[in-house]
Amino acid sequence: MGFESLTMAVNLAPVQFNYDDIPKMVSRVLADTGLPSSNLELELTENTFFDPVQNPTPRLAVLHNMGIRLTLDDFGTGYSSLLRVKMLPIDAIKIDRGFLEAIPGSEADAAIVRAIIRLAHGLKLHVVAEGVETPQQLALLEAQGCHVCQGYLFSKARPNVEIIGLLAAQR
């Protein structure tokens, strides 16, 4: 449809990611849809990355080597091991909306957001913030170098037809 530069972000639940054939399934979907692997981003929660029973590292490596972007979603809400984070084959960290809800007003939340962004930059990771609803939140994120912001400040969820129309109008 002429939107080759767009990235399709897909949330995967831990149970979905733990299928042994997830790389094969993703490869099949890419082939069926014609979406280049470089335009696919899989968002996985901390629980997926740090599952003590299922070792996700081999599947992560296969997906990453396919050119698929991997994002650690809801960062800071679980039990992240920073030692593990630095070793994961990930491309981005997504700041959970829970850290933005009290901004402005909570210096503690603002400090956490700044620290997450600095950590991501230090690890050469892309930073995404979800749940951006106010100009003050956006200003803080932009000042710290957050790469992508998403939330109701920009748009409510819309049906596919409307999204296609908005994208076409911006071309």
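Conventions we followed
- Residues numbered from 1 in each chain as written.
- Predicted model: local features only at pLDDT ≥ 70, side-chain atom pairs only at ≥ 80, totals over all residues.
- Heavy atoms only, no water.
- Buried < 20%, exposed > 50% of the residue type's maximum accessible area, 1.4 Å probe, protein only.
- Helix = DSSP H or I, 4+ residues; strand = E, 2+ residues; numbered from the N terminus.
- Right-handed = clockwise from strand over helix to strand, strands pointing away.
- Pairing = 2+ DSSP bridges.

A.B. asks: Please give an account of the pairing of strand β5 (residues 126-130) that cites residues and values.
C.D. replies: For β5, the tally of buried residues reaches 4 of 5 residues, placing the bulk of the element in the interior. Handedness of the crossover joining strand β4 (residues 92-95) and β5 through helix α6 (residues 107-122): right-handed. Sheet topology note: the β5/strand β6 (residues 148-150) ladder contains 3 bridges and is parallel. Bridging across to β6, E130 finds its partner in Q150. The parallel pair β5 and β6, bridged by helix α7 (residues 135-144), forms a crossover whose chirality is right-handed.

A.B. asks: With reference to specific residues and values, describe unusual backbone geometry.
C.D. replies: Omega for the bond connecting I103 with P104 falls within 30 degrees of zero, at 0°, which places this linkage in the cis form. Considering the arrangement of structural elements, one finds P104 in the loop between β4 and α6. Even without being glycine, K124 reaches a positive phi, approximately 60°. One can find K124 in the loop between α6 and β5.

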